[in-house]
Amino acid sequence: MPKRPALPTELIHHPYTPPAGFEAPQPGVFKASTVIFPNTAALQARDWKEKNGYTYGLHGTPTTFTLEERIATLEGGLHTLLVPSGLAAITLVDTSLLGQGDEVLIPDNAYGPGKELARQELKRWGIAHRFYDAMDPGSLAAAIGPATRLVWLEAPGSITMEFPDLPALVRIARARGVTTALDNTWGAGVAFDPFAPGGDGAAGVDISVQALTKFPSGGGDVLMGSVTTRDDALHLRLKATHMHMGWGVGANDAEALLRSLPTVALRYAAQDAAARELARWWQGRLEVADVLHPALPGSPGHAHWLRNCTAAAGLFSVRFDERHPVARVHAFVDALRLFRIGYSWAGPVSLAVPYDLSVIRPGSSWRGTLVRFSIGFEAVEDLIADLEQALVAAFGG
Ligand SMILES: *Cc1c(COP(=O)(O)O)cnc(C)c1O
């Protein structure tokens, strides 16, 4: 009789294996740093390039591979890499494609922390940056120089919501042989196809990044980012940097994303409809000078939105008339009860954040105070009642 192993050993090396073939609506969750190889030959045959096996938790598990493939489908891409935040997705693209002496071009209305990354970090590594006016394709054409290696795009612009002529910008970069990367967090893979905006495959970007934190999560409780491509060589370059930098995502976060993803289009449509109703309501209010929502006629770049998109995110901004002091706008935001004060969007709770335009867009013609609204899942009539009572509280009847 072989001696029975001690209890700890037996509990670790337990002989039971559950039957194969288990299936449920949600995929199983696999957690690992260590991945066990059947033998040394398998260990030595490991290959980082293909998803044909597993080597180490950081380099992928069935859970993260499944999420990568589903995000690639959402984006209309072929390959996706997952990173711990949307900002890390921007960082992965920058660090993978840029080196000392190179230059990156960024829209002047891009997501603020991505601009700070260029100003504060890329600069230290000898990587130059320049901002261009996303609403003027000529400004991009003029900014591209011999050192330009990457052009960032964002649609619409952050906070001021101007929708650029994406195909025109992509064509300019492509004609000069420069790689394009789109921050597609707003579109989420739902509003338009980043690899064929307006149905035009020749005007598709090379790379689409998303803050999965926003629409794919929809809960306001997960941070994650994705980098998606259709080009094999470009993907491998990004994947090599991803591996060398040691970026991975946690299994519980990947699970939360897999749980939310099936409803992304439904949630997007619901928040789109609610936001358009609220934005139209604001158009009738005398306190505001502009309602900035790309699906509203008169909003900057509306014609480009119309040509490229079939939907809009549940997000818009109102610019208050400049006769109103900043303190009154802040009093309005403070008086809101259902709308909470906080960053991010696409979660269940409606959010409001005030911005001073001379701070976030210095050097532009934007002036005054703006409030950016992210619409959640509350009933629209309750949100309107909340806005009405807060306007009365701050501005009087
Ligand atoms: C939120 C956001 C990001 C960053 O995502 P995090 O996961 O919060 O880092 C990047 N780009 C845009 C447009 C965003 O809205």
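Residues numbered from 1 in each chain as written. Predicted model: local features only at pLDDT ≥ 70, side-chain atom pairs only at ≥ 80, totals over all residues. Heavy atoms only, no water.

Participant: Quick question: what am I supposed to make of the packing of aromatic side chains here?
Facilitator: In total, this model carries 13 aromatic pairs according to the counting rule given. Taken together, the ring pairs connect W281, W282, F316, F320, F332, F339, F373 and F395 into an aromatic cluster. Here the guanidinium or amino end of K51 rests over the ring plane of F65, the centre of that ring lying 5.5 Å away. The aromatic ring of W345 is capped on one face by K214, whose charged end is 4.6 Å from the ring centroid. (Phe/Tyr/Trp six-rings, centres within 6.5 Å; stacked < 30°, edge-to-face > 60°. Lys NZ or Arg CZ within 6 Å of the ring centre and 35° of its normal.)

Participant: Is there a simple way to explain the site of the ligand in this structure?
Facilitator: All residues in the neighbourhood of the ligand are listed as S85, G86, L87, Y111, E154, D183, T185, A211, T213, K214, L223 and W345. D183 is positioned with one of its side-chain polar atoms (N or O) 2.6 Å from a nitrogen atom of the ligand. Contacts to the ligand include T213, whose side-chain N or O atom sits 2.6 Å from an oxygen atom. In isolation the ligand offers 380 Å² of accessible surface; the protein chains occlude 88% of this area. (Near = heavy atom within 4 Å. Polar contact = N/O pair within 3.5 Å; in protein donor to acceptor, adjacent residues only side chain to side chain. Areas by Shrake-Rupley, 256 points an atom, 1.4 Å probe, with all protein chains shown as cover.)

Participant: Help me out: how do you make sense of the nonpolar core in this one?
Facilitator: Nonpolar side chains tend toward joint burial in soluble globular proteins. Within the largest apolar cluster, 54 residues are counted, with the highest numbers of intra-cluster contacts made by L67, Y132, L153, W186 and F192. The biggest single contributor to this core is helix α7 (residues 166–175), with five residues. In this structure, L153 is in contact with P107, Y132, L166, L169, V170, T180, A181, L182, D183 and V205, ignoring residues within four places of it in sequence. One finds V329, F339, V371 and L387 within the second-largest nonpolar core, a separate group that totals 30 residues. (Core = buried A, V, L, I, M, F, W, Y, C linked by side-chain atoms within 4.5 Å. Buried < 20%, exposed > 50% of the residue type's maximum accessible area, 1.4 Å probe, protein only. Helix = DSSP H or I, 4+ residues; strand = E, 2+ residues; numbered from the N terminus. Contact = heavy atoms within 4.5 Å.)

Participant: Please explain the sheet that holds strand β5 (residues 179–183) as it appears in this structure.
Facilitator: Note on sheets: strands pair through backbone hydrogen bonds, and any given pair is parallel or antiparallel. Pairing is mixed in the open sheet, where seven strands are placed in the order β1-β7-β6-β5-β4-β2-β3. The sheet is open, and its two borders are formed by β1 (79–83) and β3 (128–132), each paired with just one other strand. Pairwise comparison of adjacent strand axes, ignoring direction, gives a mean angle of 20° for this sheet. Two strands pair when backbone bridges link them, and strand β2 (residues 103–107) and strand β4 (residues 148–154) are joined in this way by three bridges, in the parallel orientation. (Pairing = 2+ DSSP bridges. Axes fitted to C-alpha atoms, helices over the stretch in contact; angles between N-to-C directions.)

Participant: Explain the side chain of T95 to me, please; I cannot follow it from the model alone.
Facilitator: Take T95: it is sitting in helix α4 (residues 86–97). At 3.3 Å, the side chain of T95 and the backbone oxygen of L92 are in polar contact. In this structure, T95 is in contact with W125, T241, M245 and W247, ignoring residues within four places of it in sequence.

Participant: For this particular structure, what's the right way to read the side chain of K239?
Facilitator: Turning to its location among the elements, K239 is positioned in helix α8 (residues 232–245). When near neighbours in sequence (up to four residues on either side) are disregarded, K239 contacts W48, K49 and L81.

Participant: Would you take a moment to explain unusual backbone geometry for this structure?
Facilitator: Excluding glycine, residues mostly carry a negative phi; peptide bonds, for their part, are mostly trans. Following A155, the chain continues into P156 via a peptide bond in cis, with omega recorded as -5°. In this structure, P156 sits in the loop between β4 and α7. Non-glycine residue A188 carries a positive phi angle of around 60°. Mapped onto the elements of the fold, A188 is located in the loop between β5 and β6 (207–211).

Participant: Would you explain helix α14 (residues 380–395) in this entry?
Facilitator: What sets the pattern is the α-helix's 3.6 residues per turn: residues three or four places apart point alike. The terminal C-alpha atoms of α14, which comprises 16 residues, lie 22 Å apart, in line with the 22 Å expected from a rise of 1.5 Å per residue. Along α14, the positions that sit buried rather than exposed are V380, L383, I384, D386, L387, A390, L391, A394 and F395. Around the axis of α14, the buried residues are gathered within 155° of arc, so they sit on the same side. Of the exposed residues in α14, those oriented more than 90 degrees away from the buried face are E381 and A393. On its buried face, α14 sits against α10 (264–283), β9 (315–320), α12 (326–335) and β12 (369–374). G396 sits one or two residues past α14 and shows a positive phi near 85°. (Expected span 1.5 Å × (residues − 1). Arc of directions from axis to C-beta.)

Participant: Explain the pattern of salt bridges here, please?
Facilitator: By the definition in use, this model includes 17 salt bridges. With a shortest N-O distance of 2.4 Å, R119 and E116 are connected by a salt bridge. Highlighted residues: R119 and E116, both in helix α5 (residues 112–121), separated by three residues, approximately one helical turn. On the basis of relative accessible area, R119 is assigned to the partly exposed category, the value being 33%. Judged by relative accessible area, which is 33%, E116 ranks as partly exposed. One salt-bridge network, held together by shared partners, links K51, E68 and E69. (Salt bridge = Lys/Arg side-chain N within 4 Å of Asp/Glu carboxyl O.)

Participant: Teacher, can you tell me more about the packing of α12 against α14 here?
Facilitator: The axes of two packed helices give the description: the angle between them and the distance between them. Between α12 and α14, whose axes approach to 8 Å, the crossing angle comes to 140°. The angle between α12 and α14 places the two elements in the oblique class. Crossing of α12 against α14: the hand is right-handed. Here α12 contributes R328, A331, F332 and A335 to the contact with α14, which in turn contributes L387, Q389, A390, L391, A393, A394 and F395. (Parallel < 35°, antiparallel > 145°, perpendicular 65-115°, else oblique. Left-handed = near helix turned anticlockwise from the far one by under 90°.)

Participant: Can you help me understand the environment of T63 in this one?
Facilitator: Structurally, T63 is set in helix α3 (residues 62–75). Look at T63 and you get buried, because its relative accessible area is 1%. Sequence separation between T63 and G342 is 279 residues; the distance between their C-alpha atoms is 31 Å. When residues no more than four places from it in sequence are discounted, the contact partners of T63 are G28, V29, F30, A251, A254, E255 and L258. Among the polar contacts made by the side chain of T63, one reaches the main-chain carbonyl oxygen of G28 at a distance of 3.5 Å.

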